[in-house]
Amino acid sequence: MNDILQNLLKQLRLSGLLSTLEVRLHEAAANQLSHRDFLELILHDELAVRNERQLGRRVKAANFRDLKTLDQFDWSFNPAIPKKLIFELATCKFVRQRRDVLFLGPPGVGKSFLAQALGYHAIKAGFLVLYRSVFDLVRDFLHDELLGDGDKILAKYLKPDLLLIDDMGMKQLPKRSGECLFEIILRRYETRSTIMTSNRPLEDWGKLLGDVPSATAILDRFLHHADLIELKGKSYRLNHRSDVNNDAESELDDPKRRGKPTSKDEASSDSKPASAKGALSDSKPATGAGAPHGSTGGERKP
């Protein structure tokens, strides 16, 4: 490729085409491609690079806390998780229909993982996504109100096609949190989709927000067109931590993999580490009993 052609491609900002053109020229000559086929090939290259860059920008703008994909999720640790329903949500049909999703369950069962993975699939489908914990959301509103710029932050939360609100119920929220959350849910109601996660039953939301009327109004609108998914069972994080501990135990028990201690202190360090397995076995999962549109684990409610 000569310098003139390279400069022209740079001026036209065809960097995707520029990076593959040399290879495509050899391919066209070797396979005797027609001009039409060659042009189609290099244009596909350019589009692929642009789509990849756009995906990267949208993922960065979504501000995920710990992004992983559904392919990375260990479904075997808890067979009760409704895998079929999760993959149905990954088609983003609910986003097109402007429906909502609420994940309920105790800490560690995979709510945040699945919510962010669904957010990533929505980005790949061409939707704008924003991830925020409920604490960050409230902090954004209260901070901007002090600066007299509340409309700007509200627009930030109304713009995304899919908004992810994580960690509802982790701790008591500050005063006026109910007003902030209600404003978002009210404005997005039947116009945009929202996914929320919570480790507390719905009847506790009034206490968490310190505002029972706001909590009731939020749930009334949010659950109207929502899939309510209750995740039960053992902790995903503790299960994997136990696997790590078990690997460590196996290594300590295997003399071929364990070095000989040189002192009493080192010898004592060969004792098996405590496993975290079962630490949450007695914890009861959050339920939506008594709340509108409640459901049993893994069921979808209209």
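Since we're looking at a predicted model, the values are computed, not measured.

Reading across the sheet, the 5 strands line up as 2-3-4-1-5 and stay open at both edges, with parallel pairing between neighbours. With partners counted over all chains shown, the strands left at the sheet margins are strand 2 (129-133) and strand 5 (226-230), one partner each. Taking the axes of each pair of neighbouring strands and ignoring which way they run, one obtains an average angle of 10 degrees across the sheet. Sheet analysis places strand 3 (residues 162-168) next to strand 4 (residues 193-198), joined by 5 bridges and oriented parallel.

Computed from the structure, the second largest pocket encloses a volume of approximately 150 Å³. Every residue lining the second largest pocket is listed: Arg58, Ala61, Ala62, Leu128, Val129, Leu130, Lys156, Lys159 and Pro160. Looking at the lining of the second largest pocket, the elements with two or more residues in it are helix 3 (35-62) and strand 2. A per-element tally of the lining of the second largest pocket places helix 3 first, with 3 residues.

This part takes up the pattern of salt bridges. On inspection of all chains with the given rule, the structure shows 13 salt bridges. The salt bridge partner of lysine 156 is aspartate 140, with a shortest N-O separation of 3.7 Å. On the criterion of sequence distance, the pair formed by lysine 156 in helix 8 (residues 150-158) and aspartate 140 in helix 7 (residues 134-146) is long-range, its members being 16 residues apart. By relative accessible area, which is 36% here, lysine 156 ends up partly exposed. In this structure, aspartate 204 and arginine 200 form a salt bridge, with 3.3 Å as the shortest nitrogen-oxygen distance.

This paragraph deals with the packing of aromatic side chains. Working definition: an aromatic ring pair is given by the centre-to-centre distance plus the angle between the planes. Taken as a whole and assessed by the stated rule, the structure comprises 6 aromatic pairs. An aromatic cluster of three or more residues is present, and its members are Phe73, Trp75, Phe77, Phe87 and Phe113.

Conventions adopted
Residues numbered from 1 in each chain as written. Predicted model: local features only at pLDDT ≥ 70, side-chain atom pairs only at ≥ 80, totals over all residues. Heavy atoms only, no water. Pairing = 2+ DSSP bridges. Helix = DSSP H or I, 4+ residues; strand = E, 2+ residues; numbered from the N terminus. Axes fitted to C-alpha atoms, helices over the stretch in contact; angles between N-to-C directions. 1 Å grid on protein atoms, 1.4 Å probe; cavity = no way out; pocket = protein on both sides within 12 Å on 5 of 7 lines; lining within 4 Å. Points joined across faces, edges and corners; volume = space filled by probe spheres on them. Salt bridge = Lys/Arg side-chain N within 4 Å of Asp/Glu carboxyl O. Buried < 20%, exposed > 50% of the residue type's maximum accessible area, 1.4 Å probe, protein only. Phe/Tyr/Trp six-rings, centres within 6.5 Å; stacked < 30°, edge-to-face > 60°.

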